[in-house]
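So you can see what is in the structure, the chains are spelled out below.
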Amino acid sequence: MKILFSGIQPTGLLHLGNYFGAVRNWVDIQYDYSCYFSIVDLHAVTIQYDPKVFVGQIFELALGLYSCGLDPEKTKLFIQSEVPGHADLTWIFNTVTPLGELERMTQFKDKARQNRQNINVGLLDYPVLQAADILLYKGEVVPVGQDQVQHIEFAREIARKFNSRYGRTFPECQAKLTKTPRILGLDGESKMSKSQDNYIALLDSRDVVWEKLAPAKTDPARVRRTDPGTPEICNIFNYHKVVTPEEEQQEVAEGCRTAGIGCLDCKKKLLGNLMKVLDPIQERYQELSGKRDYVRQVLDENGAKCRKTAAGTMIEVKEKMGLNPVWKI
Ligand code: TRP
Ligand code: SF4
């Protein structure tokens, strides 16, 4: 089986954007590859965060991912900072990375703009750490959203540069794009995210979801119930596209165009379909919350397996580079 690697930052609650943008895809393909999924805490500390709540956030994310249907028996979900090889390989890759390429990265430019008070080297080096994540396990397939494609191409470049300088070591990884379009937040403007407070969390109760959906923006042309609308420009309809069965979607679209249904009816249908996705996740979460020791143990075991694989790669890398790999597995 091909090796698959992907990562997710522990920046807070899992929300619909994470689910449809990444996690559901992970769950769908988890049996087709040998899967490494990493909670990338070392990436997350490049921006402002609160160390006091961080450990809890990391564990919650693990619970959340398993609640979404990752199979603890078949995938290796692990915490990045538990495997020293990530930082180790990052340094090595730093020495084959042209500075200019990092400065050109779109995500770096965005983050530097948003975090002017703390433009640290880690923020610039972020893509190198990401390349190390993937290549430490010789990952070939990397499921990500469109916004990460540049980073995966960069990782492939780094693999090529290392291979041509020191001999063939790393495979050339490929991004595997999610089919779901980008999920916008409830404001209908920016990407759904914790920091924008425009999200529906996977663990939000039906009541909370409704409180968020009811006032959410729709097609502004529908001022009155009798005004026809255009579903294509309505963010609520975008949500229907990911949770509502095709036939019902057609009905909703038709109802909107002819003013046959009101926006509240439309949102109620959405609520029903959304909860069909969230209910089973929330049930599994309840169940797993009672088995925290088991989850901790799985993470520990996965960390140990990953350290072993990583150590193997690092020995190979260091030998090729004429460094002395004093430590052995
Ligand atoms: N940068 C990715 C994101 O923000 C997370 C990530 C870190 C990642 N390491 C990775 C994704 C390795 C894929 C492969 O979404
Ligand atoms: Fe949007 Fe639905 Fe209202 Fe149409 S009926 S504008 S799709 S919320």
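Small disclaimer: the values here were computed from a predicted structure and weren't measured.

Let us now look at the domain arrangement of the chain. Segmentation of the chain into domains returns domain 1 (3-183 + 292-328) and domain 2 (206-286). Spacing between the C-alpha centres of domain 1 and domain 2 amounts to 35 Å. At the boundary of domain 1 with domain 2, total buried surface from both sides reaches about 870 Å², with 73% on carbon and sulfur atoms. Counting the surface domain 1 buries against domain 2, the share from its top three residues, Leu16, Phe20 and Ser67, is 51%. Joining domain 1 to domain 2, the criterion identifies zero salt bridges. On inspection of domain 1 and its partner domain 2, the count reaches two residue pairs in polar contact (both at pLDDT 80 or more).

This part covers helix α3 (residues 51-67). Along its 17 residues, α3 runs 25 Å from first to last C-alpha, staying within 8% of the 24 Å computed at 1.5 Å per residue. Those residues of α3 lying buried are Phe54, Ile58, Phe59, Leu61, Ala62, Leu63, Gly64, Leu65, Tyr66 and Ser67. Where α3 begins, one side-chain oxygen reaches toward the backbone nitrogen of Lys52, 3.0 Å away; that side chain belongs to Asp50. Among the residues trailing α3, Gly69 stands out with phi positive, at a value near 115°.

Taken N-terminus to C-terminus, the directions of helix α9 (residues 206-213) and helix α12 (residues 263-289) make an angle of 145°; their axes are 10 Å apart at the nearest point. In this structure, the crossing between α9 and α12 has a hand that is right-handed. Facing Arg206, Val209, Trp210 and Leu213 of α9, the residues of α12 in contact are Leu264, Lys267, Lys268, Leu270, Leu271, Gly272, Leu274, Met275 and Leu278. Looking at side-chain class alone, the contact of α9 with α12 contains nine nonpolar, one polar and three charged residues.

What follows covers the packing of helix α4 (residues 85-94) against helix α7 (residues 121-136). As a packed pair, α4 and α7 sit with axes 8 Å apart at the nearest point and diverge in direction by 120°. Judged by the sense of rotation from one axis to the other, the crossing of α4 with α7 is right-handed. The segment α4 lies against α7, with Gly85, His86, Leu89, Thr90, Phe93 and Asn94 engaging Asp125, Val128, Leu129, Ala131, Ala132, Asp133, Leu135 and Leu136. Across the contact of α4 with α7, the residue classes break down as eight nonpolar, four polar and two charged.

Turning our eyes to something else, we now look at the site of ligand 2. Every residue close to ligand 2 is listed here: Thr218, Asp219, Arg222, Cys234, Ile236, Phe237, Cys256, Cys263 and Cys266. Elements that contribute at least two residues to the shell around ligand 2 include exactly α10 (235-243) and α12. Within the shell around ligand 2, the residues separate by chemical class into six nonpolar, one polar and two charged.

Oppositely charged side chains may form a pair once their charged atoms are brought near each other. Inspection of every chain in the model, using the stated rule, returns 17 salt bridges. Note that Glu101 and Lys161 form a salt bridge whose closest N and O atoms lie 3.8 Å from each other. Of this pair, Glu101 sits in helix α5 (residues 99-103) while Lys161 is found in helix α8 (residues 149-166), placing the two residues 60 residues apart along the sequence. A relative accessible area of 23% means that Glu101 is categorised as partly exposed. What makes Lys161 partly exposed here is its relative accessible area of 25%. Residues joined in a network through salt bridges with shared partners are Glu101, Glu157, Arg160, Lys161 and Glu172.

Residues in close proximity to ligand 1 total 13 residues, the closest being Gly7, Tyr126, Gln130, Asp133 and Gln148. With respect to ligand 1, the side chain of Asp133 contributes an N or O atom lying 2.7 Å from a nitrogen atom. Taken by itself ligand 1 offers 370 Å² of open surface, and the protein chains cover 88% of this. With four residues, α7 is the single largest residue contributor to the shell around ligand 1. Considering only residue class, the shell around ligand 1 consists of six nonpolar, six polar and one charged.

What follows deals with the packing of aromatic side chains. One pass over the structure, following the stated rule, counts 11 aromatic pairs. Residues Tyr19 and Phe20 carry aromatic rings whose centres are separated by 5.0 Å and whose planes lie at 80° to one another, so their mutual orientation is edge-to-face. When its relative accessible area of 10% is taken as the criterion, Tyr19 is described as buried. Overall, Phe20 belongs to the buried group, its relative accessible area being 2%. Seen from their ring centres, Tyr49 and Phe54 are 4.7 Å apart, and the 55° between their planes marks the pair as tilted. Owing to a relative accessible area of 37%, Tyr49 belongs among the partly exposed residues under this scheme. Residue classification places Phe54 among the buried residues on the basis of a relative accessible area of 10%. Aromatic ring contacts, followed pair by pair, group Phe5, Tyr36, Phe78 and Tyr137 into a single cluster.

Relative to the helices and strands, Ile8 resides in strand β1 (residues 3-8). Here Ile8 falls in the buried class, since its relative accessible area comes to 9%. For the pair formed by Ile8 and Val23, sequence separation is 15 residues and the distance between their alpha carbons is 9.0 Å. Ile8 has contacts with Leu14, Val23, Trp26, Ser38, Ile39, Val40, Leu61 and Leu65, leaving out every residue within four places of it along the chain.

What counts and what doesn't
Residues numbered from 1 in each chain as written. Chains lettered and ligands numbered in written order. Predicted model: local features only at pLDDT ≥ 70, side-chain atom pairs only at ≥ 80, totals over all residues. Heavy atoms only, no water. Domains from an automatic or database assignment. Buried area = accessible area lost by both parts, 1.4 Å probe. Salt bridge = Lys/Arg side-chain N within 4 Å of Asp/Glu carboxyl O. Polar contact = N/O pair within 3.5 Å; in protein donor to acceptor, adjacent residues only side chain to side chain. Helix = DSSP H or I, 4+ residues; strand = E, 2+ residues; numbered from the N terminus. Expected span 1.5 Å × (residues − 1). Buried < 20%, exposed > 50% of the residue type's maximum accessible area, 1.4 Å probe, protein only. Axes fitted to C-alpha atoms, helices over the stretch in contact; angles between N-to-C directions. Left-handed = near helix turned anticlockwise from the far one by under 90°. Contact = heavy atoms within 4.5 Å. Nonpolar A, V, L, I, M, F, W, Y, C, P; charged D, E, K, R; others polar. Near = heavy atom within 4 Å. Areas by Shrake-Rupley, 256 points an atom, 1.4 Å probe, with all protein chains shown as cover. Phe/Tyr/Trp six-rings, centres within 6.5 Å; stacked < 30°, edge-to-face > 60°.

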